[in-house]
Amino acid sequence: MRVGIVCPYSFDAPGGVQFHVRDLAEALRDQGHEVSVLAPAGEGTELPDVVTSAGRAVPVRYNGSVARLAFGPRTAARVRRWIDAGDFDVLHLHEPMTPSLSMLALWVAEGPVVATFHTSQVRSRALQIAHPLLRQSLEKISARIAVSEDARRTLVDHLGGDAVVVPNGVYVDAFDVAPEPRWQGTAQAPTIAFLGRLDEPRKGLQVLAQAAPGILRQVPGARFLVAGRGDTGRADAEALLGPDAASFEWLGGVSDADKAALLASADLYVAPQTGGESFGIVLVEAMSAGAGVVASDLGAFQRVLDDGAAGRLFTTGDPAALTRAVLGALADPQDTAERRRRASEFVRHFDWSTVTGQVLAVYEMAVAAAEALGDGRVRQDLAAERPAWLLGRRTRTEAGGDR
């Protein structure tokens, strides 16, 4: 098939959705499909050859973090040109309720359309506001995917309807790498890894910083390896740590190769996130690398860890519970090894070799449904109303018929 994939978030600062889109495109191409991805990206951003830039993005606070989104009349014109040139059999939109490229594409396209929903929130004011404005456009979606039961529940509660659950994918074997000696621990000085944006409170760095002194009292040689970008998180964590700050090693942003090596080297990977997680891709990556996992008991994390059989869970947001879970994992290496063994089996559910087939089955369903209605291929919806609140003021080019 010819597949068009739209990512709403910029590749300037890649995150979970961008990596998912990139890897899905690669997996589809490996199976012989033709794929084009449209995503925001600033000038000079290094992009995979499958990605077409829709122009620069604007940073906007969204879902507990800062998302880089693209909108406006020029962006809409780029979306339309990309759809016209693509001649796609199916259009796959990620997060179409986010005010960015996917929402624009949903407005201007018709035909076989698949939408993937990544967000998990108990209550989303953004979705509640957007739903009445998007109700008619949502009817264009031929098939819906949610990356987890939590994302599916968010979709059902806010938008109605339902979705097929297809998890995020990981190239499991890519994490089977040699450990990096500088990140390996010993029985007396184990290494505990954390990955995530340092200045996003929901990633839980502050919870780890509050738990660390209790861990260090029992295991004074423990080393905490912290990888991730962020301007303010380190200072805030060090203020909480006080004299224990020397046990934290700040690695900054890491490459994909270094991430795999870090996870393969650490004795434990800790995921202290406090909310807003619909799946937990980094847990799957840690499991793939063979790390022992300790994670907060968010619903999404429970499911990824097979309800605790593939890693230890602790009460979300509770530093004392995190301390107990880490100390328990370090004190009982046989139990930790058994959970790692279970993780190495369970993680295969999330390998792209499995996930891609599930996505393709949804594509085929969407194409069949569209053909039954006489829609055929993806094309511009020339009758679509212009989303003035998303586009803003039209440029002269746009007003003059750049359709």
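Residues numbered from 1 in each chain as written. Predicted model: local features only at pLDDT ≥ 70, side-chain atom pairs only at ≥ 80, totals over all residues. Heavy atoms only, no water.

Turning our attention to the overall build of the protein. Along its length, the protein carries 15 helices and 17 strands. Long-range contacts, defined as pairs at least 24 residues apart, comprise 72% of the intrachain contacts of the protein with a sequence gap of at least 6. Of the roughly 17,300 Å² of accessible surface on the protein, a fraction of 48% belongs to carbon and sulfur atoms. (Helix = DSSP H or I, 4+ residues; strand = E, 2+ residues; numbered from the N terminus. Contact = heavy atoms within 4.5 Å. Areas by Shrake-Rupley, 256 points an atom, 1.4 Å probe, with all protein chains shown as cover.)

All right, on to the environment of Ser265 then. Along the polypeptide, Ser265 turns up in helix α8 (residues 256-265). For Ser265, a relative accessible area of 6% corresponds to the buried category. Each C-alpha atom, one on Ser265 and one on Ala193, is 9.1 Å from the other, the two residues being 72 residues apart in sequence. Other than its neighbours up to four places away in sequence, Ser265 contacts Pro179, Glu180, Trp183, Gln184, Gly185 and Thr191. At 2.6 Å, the side chain of Ser265 and the backbone nitrogen of Glu180 are in polar contact. Within the structure, Ser265 has its side chain in polar contact with the backbone oxygen of Ala261 (distance 2.5 Å). (Buried < 20%, exposed > 50% of the residue type's maximum accessible area, 1.4 Å probe, protein only. Polar contact = N/O pair within 3.5 Å; in protein donor to acceptor, adjacent residues only side chain to side chain.)

Helix α3 (residues 101-108) packs onto helix α2 (residues 73-86) with a crossing angle of 60° between their chain directions and a minimal axis gap of 10 Å. By the angle class used here, α2 and α3 are oblique. Considering how the two elements wind past one another, α2 and α3 form a crossing that is right-handed. Of the residues in α3, those touching α2 at Thr75, Ala76, Val79, Arg80 and Ile83 are Leu101, Leu104, Ala105 and Val108. Among the residues making up the contact of α2 with α3, the classes are represented as seven nonpolar, one polar and one charged. (Axes fitted to C-alpha atoms, helices over the stretch in contact; angles between N-to-C directions. Parallel < 35°, antiparallel > 145°, perpendicular 65-115°, else oblique. Left-handed = near helix turned anticlockwise from the far one by under 90°. Nonpolar A, V, L, I, M, F, W, Y, C, P; charged D, E, K, R; others polar.)

For any two aromatic rings, the description comes down to two numbers: the centre-to-centre distance and the angle of the planes. Within the structure shown, the criterion is met by six aromatic pairs. Relative to Phe248, the ring of Phe224 has its centre 4.7 Å away and its plane inclined at 20°; by these criteria the two rings are stacked. Taken together, the positions of Phe224 in strand β12 (residues 223-227) and Phe248 in strand β13 (residues 248-252) put the pair 24 residues apart, joining distant regions of the chain. Across the pair, exposure class does not vary: Phe224 and Phe248 are buried alike. Ring geometry for Phe248 and Trp250: centres 5.7 Å apart, planes at 35°, overall tilted. Summarising the burial analysis for this pair, Phe248 and Trp250 share the class buried. Taken together, the aromatic side chains of Phe224, Phe248 and Trp250 make up a single cluster linked through ring pairs. Across the ring face of Phe19, the terminal group of Lys259 is positioned such that the distance to the ring centre comes to 5.5 Å. (Phe/Tyr/Trp six-rings, centres within 6.5 Å; stacked < 30°, edge-to-face > 60°. Lys NZ or Arg CZ within 6 Å of the ring centre and 35° of its normal.)

Turning our attention to the packing of helix α1 (residues 16-30) against helix α13 (residues 352-372). The relative placement of two packed helices is expressed as an angle between their axes plus a distance between the axes. Put simply, α1 and α13 touch, their axes get as near as 10 Å, and they point 85° apart. Classified by the angle their axes make, α1 and α13 are roughly perpendicular. Of the residues in α13, those in contact with His20, Asp23, Leu24, Ala27 and Leu28 of α1 are Trp352, Thr356, Val359, Leu360 and Tyr363. Here the residues of the contact of α1 with α13 are counted per class, giving seven nonpolar, two polar and one charged.

Our focus in this paragraph is the sheet that holds strand β10 (residues 164-165). Here we have seven strands laid out as an open sheet, ordered β3-β2-β1-β6-β8-β9-β10, and parallel in their pairing. Of all the strands in the sheet, just β3 (51-53) and β10 have a single pairing partner and so form its edges. Each of β1 (2-6), β2 (34-39), β6 (90-94) and β8 (113-117) is contacted by α3, which is oriented at about 145° to β6, the strand it contacts most. (Pairing = 2+ DSSP bridges.)

The next thing to look at is the side chain of Thr336. Here Thr336 shows up in helix α12 (residues 333-346). A residue is classified by how much of its surface remains accessible, and Thr336, at 11% relative accessible area, is buried. The contacts of Thr336, once residues within four sequence positions are left out, are Leu268, Gly292 and Ala329.

The buried fraction of α8 amounts to seven of the 10 residues, a majority that puts the element mostly inside the structure. All of the buried residues in α8 are Lys259, Ala260, Ala261, Leu262, Leu263, Ala264 and Ser265. Buried residues belonging to α8 abut β11 (191-195), β12, β13, β14 (268-271) and α9 (281-289).

Turning to the pairing of β13, a few remarks are in order. When β12 meets β13, the two strands line up parallel, connected through four bridges. Of the residues in β13, the one forming a bridge with Ala227 is Gly252.

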